[in-house]
Amino acid sequence: MEMDGQQSEGLSSVAYWLFKSEPGDWSWEEQKAQGAKGEEWSRVRNYQARNFMREMKVGDLGFFYHSVKEKRVVGIVKVCAEAHQDSEDDTGTWECVDVAAVCDMPEPVHLDQIKAEPKLEKMVLVNNSRLSVQPVSDQEWKIVCRMGGLKEPPKA
DNA sequence: GCCAACGTTGGC
DNA sequence: GCCAACGTTGGC
């Protein structure tokens, strides 16, 4: 019997994540333009972030967060391909998943709102602002979805 | 294997 | 634009 928290077969096989991007680099609009086929989440050059991507399964969901200027969750994405070689890396070190846009956040959730919510004080976004790919707990997922105006958090 | 120096990210 | 936090690099 193994219960590693993140993935317990049957109960909740979907994990949740948060993907950060500077809109000037890769924006939600650009992501949506890729449609259901999705796009590589490439150019991540951080081991922790890479390792999280290695844990991802097709169907996992994630927040799409605009950093720096906007600092808000603007949409939801779905993992549509598991970790593979980053096509923009020729050293063989870096991998990435593919993600596809699922839906907009009806009301984008600003970092200030997240910081103001005591139940979200443990979010990685709050405590390690520099990590660009990070895990989100089931509870955090629900709360942020609700704050963003989604009555029913999307299911994979 | 430690740690100082440096580079980068991203909030403020 | 500044700087804190974090990660990486490289000399010892």
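**Quick notes on the protein's contact with DNA strand B**
Link 1 in the chain: All residues in the neighbourhood of DNA strand B are listed as K20, Y65, S67, V68, K71, L111, K115, S129, R130 and S132.
Link 2 in the chain: Among the atoms of DNA strand B close to the protein, meaning within 4 Å, 86% are from sugar or phosphate groups.
Link 3 in the chain: Within the side chain of K20, one N or O atom sits 3.4 Å away from a phosphate oxygen of DNA strand B.
Link 4 in the chain: Separating a base oxygen of DNA strand B from a side-chain N or O atom of R130 is a distance of 2.9 Å.
Link 5 in the chain: Tallied by class, the residues present in the surface near DNA strand B amount to three nonpolar, three polar and four charged.

**Considering unusual backbone geometry**
Link 1 in the chain: A positive phi angle is found at R43, which is not glycine, with a value near 70°.
Link 2 in the chain: The residue R43 is located in the loop between β2 (39-40) and α2 (47-55) in this model.
Link 3 in the chain: Using a relative accessible area of 41% as the deciding quantity, one classes R43 as partly exposed.
Link 4 in the chain: Located in the positive-phi region is K71, a residue other than glycine, with phi close to 55°.
Link 5 in the chain: Structurally, K71 can be placed in the loop between β3 (61-66) and β4 (72-85).

**Thoughts on the protein's contact with DNA strand C**
Link 1 in the chain: Around DNA strand C sit N46, Y47, Q48, N127, N128 and R130, and those are all the residues in its vicinity.
Link 2 in the chain: Close to the protein, within 4 Å, the atoms of DNA strand C are drawn from sugar and phosphate at a rate of 53%.
Link 3 in the chain: Contacts to DNA strand C include Q48, whose side-chain N or O atom sits 2.9 Å from a phosphate oxygen.
Link 4 in the chain: Taken together, the residues that form the surface near DNA strand C break down as one nonpolar, four polar and one charged.

**Let's talk about the pattern of salt bridges**
Link 1 in the chain: By the definition in use, this model includes seven salt bridges.
Link 2 in the chain: Notably, a salt bridge pairs E29 with K32, separated by 4.0 Å at the nearest N-O pair. In this pair, E29 and K32 both sit in helix α1 (residues 28-33), three residues apart, roughly one turn of the helix.
Link 3 in the chain: Note on K32: relative accessible area 31%, which makes it partly exposed.
Link 4 in the chain: R43 serves as the salt-bridge partner of E88, at 3.3 Å between the closest nitrogen and oxygen.

**A closer look at the pairing of β4**
Looking down a regular strand, the side chains alternate between one sheet face and the other.
Link 1 in the chain: Bridge analysis of β3 against β4 gives six bridges, and the strand direction is antiparallel. Bridging from a neighbouring strand, H66 pairs with R72 of β4.
Link 2 in the chain: The antiparallel pairing of β3 with β4 creates a hairpin that spans five residues between the two strands, and V68 there sits at a positive phi of about 65°.

**A look at the pairing of strand β6 (residues 133-136)**
Link 1 in the chain: What you see with β6 is no split at all: V133 and P135 on one side and Q134 and V136 on the other are buried throughout.
Link 2 in the chain: Relative to β6, strand β1 (residues 16-21) runs antiparallel, the two being bridged by four bridges. The partner of Y16 across the bridge, within β6, is V136.

**Side note on the confidence of the model for chain A**
Link 1 in the chain: Mean pLDDT over chain A: 91, with 92% of residues reaching 70 or higher.
Link 2 in the chain: Segment residues 1-8 is flagged for pLDDT under 50; beyond a separation of four residues in sequence, or across chains, it makes eleven contacts in the model.

**Things to note about the environment of D112**
Link 1 in the chain: In this fold, D112 is placed in helix α3 (residues 111-116).
Link 2 in the chain: Taking relative accessible area as the criterion, D112 reaches 53% and is therefore assigned exposed.
Link 3 in the chain: A C-alpha to C-alpha distance of 8.6 Å links D112 and R72, two positions 40 residues apart in sequence.

Definitions and limits used
- Residues take numbers from 1 onward in each chain, read along the sequence in its written order.
- Starting at A for chains and at 1 for ligands, labels are handed out in the order in which the entities are written.
- Per-residue local features are limited, in this predicted model, to residues with pLDDT of at least 70; the limit for side-chain atom pairs, both in listing and counting, is 80 or more; totals at the level of whole chains, interfaces and linings are taken over all residues.
- Neither water nor hydrogens contribute to the side-chain values; these are computed over all heavy atoms in the structure.
- One heavy atom within 4 Å of a molecule or strand is enough for the residue carrying it to be called near that molecule or strand.
- N or O atoms within 3.5 Å of each other form a polar contact, as long as, within protein, one can give a hydrogen and the other can take it, and as long as residues adjacent in sequence are counted only when both atoms are side-chain atoms.
- In this classification, Asp, Glu, Lys and Arg are treated as charged, Ala, Val, Leu, Ile, Met, Phe, Trp, Tyr, Cys and Pro as nonpolar, and every other residue, Gly included, as polar.
- Helix and strand assignments come from DSSP, with helices taken as H or I runs of at least 4 residues and strands as E runs of at least 2, each series counted from the N terminus.
- The rule is simple: take the accessible area with a 1.4 Å probe, protein chains only, and divide by the maximum for that residue type; under 20% is buried, over 50% is exposed, in between is partly exposed.
- Note on definitions: salt bridges are taken to be side-chain nitrogens of Lys or Arg within 4 Å of carboxyl oxygens of Asp or Glu.
- Pairs of strands are assigned from DSSP output, requiring at least two bridges between the strands.
- Confidence of the predictor at the level of single residues is captured by pLDDT, which takes values from 0 to 100.
- We call two residues in contact when some of their heavy atoms are within 4.5 Å.

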